[in-house]
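# Coordinate analysis (summary)
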Amino acid sequence: MSTTTPADREQQSFAETALRLGGKTEEEARRTGAVDKADEQVESLFKPQYQTANSPAHKAVWDGHVPLELFAPPALPASHPSDRTMEASLEIVRRRREGKIFDEKGKVSTDTLQELAGAGYWGLLIDPRYGGQGAPFARFSDLLTRMAVYDPMIAGLASIHGCIGAVDPVRTFGTPEQKERFLPRLASGEALSGFALTEPGAGSDLTALRTTAVLEGDEYVVNGEKLFITNVIPGRTAGLVVLIDGKPAVLVVDLPKEENENFKIVPYGLYALRQAYNNGLRFNRFRVPRENLLKPPVGDGLTIAYHGLNLGRVSLCAGAAGSMRIMLANMLPWAEFRRTYGQAIATRELVKRRIARLAGLIAGADALVAWTSWLIDEGYRGEMECIIAKIFGSEAMKEAAIELFMKTHGGRSFLKGHLFGDNVYDFLAPCIYEGEGEMLGMAFFKSLVKEHGKRFFEPIGKAVQRIGLKNPNPMNPLHAWKLRKELAPYARWRVGQMFAPRDRQQVPGMDRRLADHVDFALESFSRLRGEVAGAMEKYQLKLADRQCRMAELSQRIQDNIVLLVTALWGNRQGKEASIAAADILCQDLRRKLTGKRPSDHYFRDASRLADVILSGGFEAIAGVPREEILMKYENK
Ligand SMILES: Cc1cc2nc3c(=O)[nH]c(=O)nc-3n(C[C@H](O)[C@H](O)[C@H](O)COP(=O)(O)OP(=O)(O)OC[C@H]3O[C@@H](n4cnc5c(N)ncnc54)[C@H](O)[C@@H]3O)c2cc1C
């Protein structure tokens, strides 16, 4: 029996209403509603012009006129005071690469962490007032790509600490007192941090959290268990998500230096991120001062988690852009060395296609990082855009590792000491952490359709419920008549779409190849808009159950956005190799969207680009360290 009152229903989010009207169980509607509510509360932290409905991705699909200026970020300013710290940090890692980064357990050593702390690395995103460097996010993410080229784990740790760890929650949601207390220690590296959200029973489903905190006197008493927590060991700091009175909340927790009866590490072997610590945390009547509770102006602990996750998703893509540079740079010497049937494999069309494809993936990742981090700095929430960056970055790295890097290196890929074999789990795990890709793809789609659904479909759904229609069908004249008031605005919108002019914007002086891609993307947006609207009409309030359709549509919209962003990025690079790399990715995405087979022209373009890269003409991989070829032999 439903326990919702009319007052509750007023408070319900669109997703919750839709699920109830669509016949879902009370529990599922309530749980999904809680997540949707948290999402709406995050929205309200941003000025209206920076909220999802006004974001570039949303506008591109729904507005009929793509705001191209919102897809083309300006170049990074020539300098910023944080540059000194960035260069010093890069220098430290460059110098330490020869065996001095890790300790005897194979983890990033305390020495390395401290030397980086001395340079200011852990405070890059923290305001100088608290001892940090105040780096704009676009500069920070650019550094992560450069750092990942030397050591992806060191880049990853900066992201864990600064984006999803304690830094973002405190600097965004802390009181002045909390900032004074925590930020200087987080900036100096005295307190390194991570974020503890996942539990054995709660990963994708964050409404299943069970860790609780109960106020006793001046302290919260925490009970529960966390799983898969990166960079959090005794003595470090965590943004700990707990339930307080049944609602998610975040406590900033300084863990004791040693395990004790109230706090234990749950150890396990984990293949991914093996150079960092990742473990479970078990709390048994663990006490945390009440003043360590973060109180967002609206919403709850999930509001805080979602905020940091967006930054983390861009950082993940930035790290992938660095790792893919390592793969490409290390494919070239091998491809030139390895001879089969009397010829270096670098001369073969198949291998050249892989080289070109990898350059295209790097171009796409670079383009997305530049775009999304600029949006964040501009004040956008960037929810949909950051999801695109996360999905593209992780999927591109997976493809690069398996389809391009591993295949080109053949059996040597599996030797100990080989970049592929040693790091394969790190190349794959980003598909899962910070949100598994397909789940995020559906979240993207839900963000995309929310406004449209609220505007046109919610009133219809409510009227259907009020009138008591069992199987509403707008084609049935009686139903249409009964729902005429609610159907009319949608009918007007639909008719308007039929007569909407085609978006024919052009970017002056653009390379012809890239201009053609931009034109394709603009046309595709209007087609995709029609498809999304069609799916909403067809499935109505049952759309939430059509997960495969949502995921499929979501991916095509994402691909079209990646295509547009990459073409515009290529246009800003000015260098032929980067333009050609952007062109290759755009051609690939167009074929994916249209289902066409690759033409001979495409294969020639790919070979030509590979030749440029093989002759050292791709700036993106200049200076990227190259490993020794394993099992080298004398080539005759
Ligand atoms: C290397 C690594 C580091 C990590 N670091 C951290 C960290 O620092 N802090 C932290 O809090 N967490 C961390 N995590 C956890 C990570 O965020 C979770 O693994 C991730 O969110 C997925 O949750 P799960 O593993 O519980 O997957 P599950 O919830 O078990 O889901 C498994 C799969 O089931 C499917 N699925 C689930 N629900 C649905 C649905 N409703 N509809 C359709 N399909 C569904 C999806 O394919 C999903 O991916 C880390 C994980 C890894 C691997």
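So, how was this worked out
Residues numbered from 1 in each chain as written. Predicted model: local features only at pLDDT ≥ 70, side-chain atom pairs only at ≥ 80, totals over all residues. Heavy atoms only, no water. Near = heavy atom within 4 Å. Polar contact = N/O pair within 3.5 Å; in protein donor to acceptor, adjacent residues only side chain to side chain. Areas by Shrake-Rupley, 256 points an atom, 1.4 Å probe, with all protein chains shown as cover. Core = buried A, V, L, I, M, F, W, Y, C linked by side-chain atoms within 4.5 Å. Buried < 20%, exposed > 50% of the residue type's maximum accessible area, 1.4 Å probe, protein only. Contact = heavy atoms within 4.5 Å. Axes fitted to C-alpha atoms, helices over the stretch in contact; angles between N-to-C directions. Helix = DSSP H or I, 4+ residues; strand = E, 2+ residues; numbered from the N terminus. Parallel < 35°, antiparallel > 145°, perpendicular 65-115°, else oblique. Left-handed = near helix turned anticlockwise from the far one by under 90°. Nonpolar A, V, L, I, M, F, W, Y, C, P; charged D, E, K, R; others polar. Patch = residues over 30% accessible without salt bridge, like charges linked within 9 Å, V, L, I, M, F, W, Y side chains within 5 Å. Salt bridge = Lys/Arg side-chain N within 4 Å of Asp/Glu carboxyl O.

Surveying the vicinity of the ligand reveals 17 residues, the closest of which are Phe195, Thr198, Ser204, Phe228 and Thr230. Taking phenylalanine 195, its main chain carries an N or O atom lying 2.8 Å from a nitrogen atom of the ligand. Contact distances for the ligand include 2.6 Å between a nitrogen atom and a side-chain N or O atom of threonine 198. Taking 980 Å² as the accessible area of the ligand by itself, protein coverage stands at 65%.

Generally speaking, nonpolar side chains in soluble globular proteins are found buried as a group. Of all hydrophobic cores here, the largest spans 181 residues; its most connected members are Tyr121, Leu328 and Ile561. Discounting chain neighbours no more than four positions away, the residues touching isoleucine 561 are Ala57, Phe71, Trp371, Ile388, Phe444 and Phe525. Of all hydrophobic cores here, the second largest spans 21 residues; its members include Tyr220, Val232, Val253 and Phe286.

What follows deals with the packing of helix H15 (residues 437-467) against helix H18 (residues 512-539). Contact pair H15 / H18: the axes reach a minimum separation of 11 Å and the direction vectors enclose 60°. When the axis of H15 is compared with that of H18, the two are oblique. Crossing geometry of H15 relative to H18 is assigned as right-handed. Residue-level contacts link Phe445, Leu448, Val449, His452, Gly453 and Phe457 of H15 to Val532, Ala533, Met536 and Glu537 of H18. Among the residues forming the contact of H15 with H18, the class breakdown is seven nonpolar, two polar and one charged.

Put simply, helix H12 (residues 349-378) and helix H21 (residues 600-614) touch, their axes get as near as 8 Å, and they point 75° apart. By the angle between their directions, the pair H12 and H21 is classed as roughly perpendicular. For the pair H12 and H21, contact is made by Glu349, Lys352, Arg353, Ile355, Ala356 and Ala359 and by Phe603, Ala606, Ser607, Leu609, Ala610, Asp611, Ile613 and Leu614, respectively. Across the contact of H12 with H21, the residue classes break down as nine nonpolar, one polar and four charged.

This part is about a nonpolar patch on the surface. A surface patch of nonpolar side chains, about 370 Å² in accessible area, is lined by Val495, Met498 and Phe499. Tracing the backbone through its elements, the reader meets phenylalanine 499 in the loop between helix H17 (484-498) and H18.

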